Structures are given as structure tokens and as C-alpha cells.
Amino acid sequence: VDTEAPDVTLPRIRAILRQWFGAEHSIGALGLASFGPIDVDRASPGWGRIGRTPKPGWKGVDIVAALARERITGLACVPPLWLQVLALDWPEQAAAHLRYVTNSGGRMPRPAIEALRRRAPDTRVFLMYGLTEAFRSTYLDPAEIDRRPD
């Protein structure tokens, strides 16, 4: 599915998933590419939403609200985007269905791992290593994070 405005792209994705897996299927994972920075200024009316981006229609999309609304079970971000997502308030529902999170494209800072664990304590953190966020060559077992965080 080509990326267009969210109100076009997300229904197309839902339709394809229904076609492949049946009408009862919901979006199980969400991978965030670098659509743009997330506004982390609490005083801003755009707080918690995607800021300037080259992707038409994606400015203003609320990432954390999508986690709750779509009952997302997996979330992947590059580390700079994780830092922005973790700077937001997460309502309890945002992590209610989240089962795993992952990174790629760089080392995940230890404070980000700790923040993920606080926000979503029942979620497994998979640290990915490899070429880019599009290709992962290896990962660290979530049970090894405390022993090998860096």
C-alpha cells in the first residue's frame, strides 16, 4: 500500500488485512518510519502528534492514541523516534495490548529501555542490530537486556 494521507492509507491497510485474515482481524503491529518529529512541547497544541513531515496528511497524527485505538500489539521505531514517543504521556490503554517493541537503525539508550519498561511492563523489548530499520540481521533476546544493555 502506498503511503498517502492517514485517512486513505489506514483503511486500505485494514481492508487488505481483512482480505488476508478475515473481518475480525485488527492491526497487530505498527512500524513508524521517519515521517517527521513528534511534538514534545506540552504547551503546544500539536503535543504528541507528528510534526513537519514530507508525507502529506500525516502531520498531526497522534501516535500514542493510535496504540490504544487500534489495539496495537507491536511497535517498531528508530531510537530518535523512540525518545520522542517516550517523552509523551501514555494513557493506560496505550500499552494494554502492546506485547513487543523493537528498534533498529541505532543503539537504544538505556534510559529509553527503562522508560519502555515503565510504560509497558508486560511488553517484551527486542533490541535489533543490523543494516537499517528495513532489514534486521540479529536481535538481543529480551531476557538478556539487563545483562547486555549496551
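As the structure is a computational prediction, the values presented were derived from the model and not from experiment.

**Section: the overall build of the protein**
Phase 1: When its secondary structure is counted, the protein shows 5 helices and 5 strands.
Phase 2: Ordered by position in the sequence, the α and β elements of the protein form the string α-β-α-β-α-α-β-α-β-β.
Phase 3: Sorting the 150 residues of the protein into buried and exposed places 35% on the buried side.
Phase 4: Sequence separation of at least 24 residues holds for 59% of the intrachain contacts in the protein that already meet a minimum separation of 6.

**What about unusual backbone geometry?**
Phase 1: One non-glycine residue, R71, adopts positive backbone phi at about 55°.
Phase 2: With respect to the helices and strands, R71 occurs in the loop between α2 (63-69) and β2 (74-77).
Phase 3: For R71, a relative accessible area of 48% translates into the label partly exposed.

**Some points on the nonpolar core**
Phase 1: Counting residues in hydrophobic clusters, the biggest one holds 31 residues, and the most contacted among them are W82, V85, W90 and L98.
Phase 2: At the level of elements, α2, β2, α3 (79-86), α4 (92-96), α5 (110-119) and β4 (124-129) are the ones that each hand at least two residues to this core.
Phase 3: Setting aside its immediate chain neighbours within four residues, W82 contacts L75, C77, W90, V101, T102, N103, M108 and L116.

**Structural notes on the confidence of the model for the protein**
Phase 1: Mean pLDDT over the protein stands at 78; residues scoring 70 or higher make up 86%.
Phase 2: Model confidence for the protein, summarised as mean pLDDT per element, is weakest for strand β1 (residues 29-31) at 58 and strongest for α5 at 92.

**Digging into α5**
Phase 1: Within α5, burial applies to A112, I113, A115 and L116. Angular distribution of buried residues about the axis of α5 spans 165°; they occupy a single face of the element. In α5, the exposed residues that point more than 90 degrees away from the buried face are P111 and R118.
Phase 2: Contact partners of the buried residues in α5: α3, β3 (100-103) and β4.

**Things to note about the packing of α3 against α5**
Phase 1: Relative to each other, α3 and α5 sit at 45°, their axes nearing to 10 Å. Classified by the angle their axes make, α3 and α5 are oblique. Relative to α5, the crossing made by α3 is left-handed. Between α3 and α5, the contacting residues are W82, L83 and L86 on the first element and A112, A115, L116 and R119 on the second.
Phase 2: Across the contact of α3 with α5, the residue classes break down as 6 nonpolar, no polar and 1 charged.

**Comments concerning the environment of V85**
Phase 1: Note that V85 resides in helix α3.
Phase 2: With 27 residues separating them in the primary sequence, V85 and A112 have C-alpha atoms 9.9 Å apart.

Reading guide: rules and limits
Residues numbered from 1 in each chain as written. Predicted model: local features only at pLDDT ≥ 70, side-chain atom pairs only at ≥ 80, totals over all residues. Heavy atoms only, no water. Helix = DSSP H or I, 4+ residues; strand = E, 2+ residues; numbered from the N terminus. Buried < 20%, exposed > 50% of the residue type's maximum accessible area, 1.4 Å probe, protein only. Contact = heavy atoms within 4.5 Å. Core = buried A, V, L, I, M, F, W, Y, C linked by side-chain atoms within 4.5 Å. pLDDT = per-residue confidence, 0-100. Arc of directions from axis to C-beta. Axes fitted to C-alpha atoms, helices over the stretch in contact; angles between N-to-C directions. Parallel < 35°, antiparallel > 145°, perpendicular 65-115°, else oblique. Left-handed = near helix turned anticlockwise from the far one by under 90°. Nonpolar A, V, L, I, M, F, W, Y, C, P; charged D, E, K, R; others polar.

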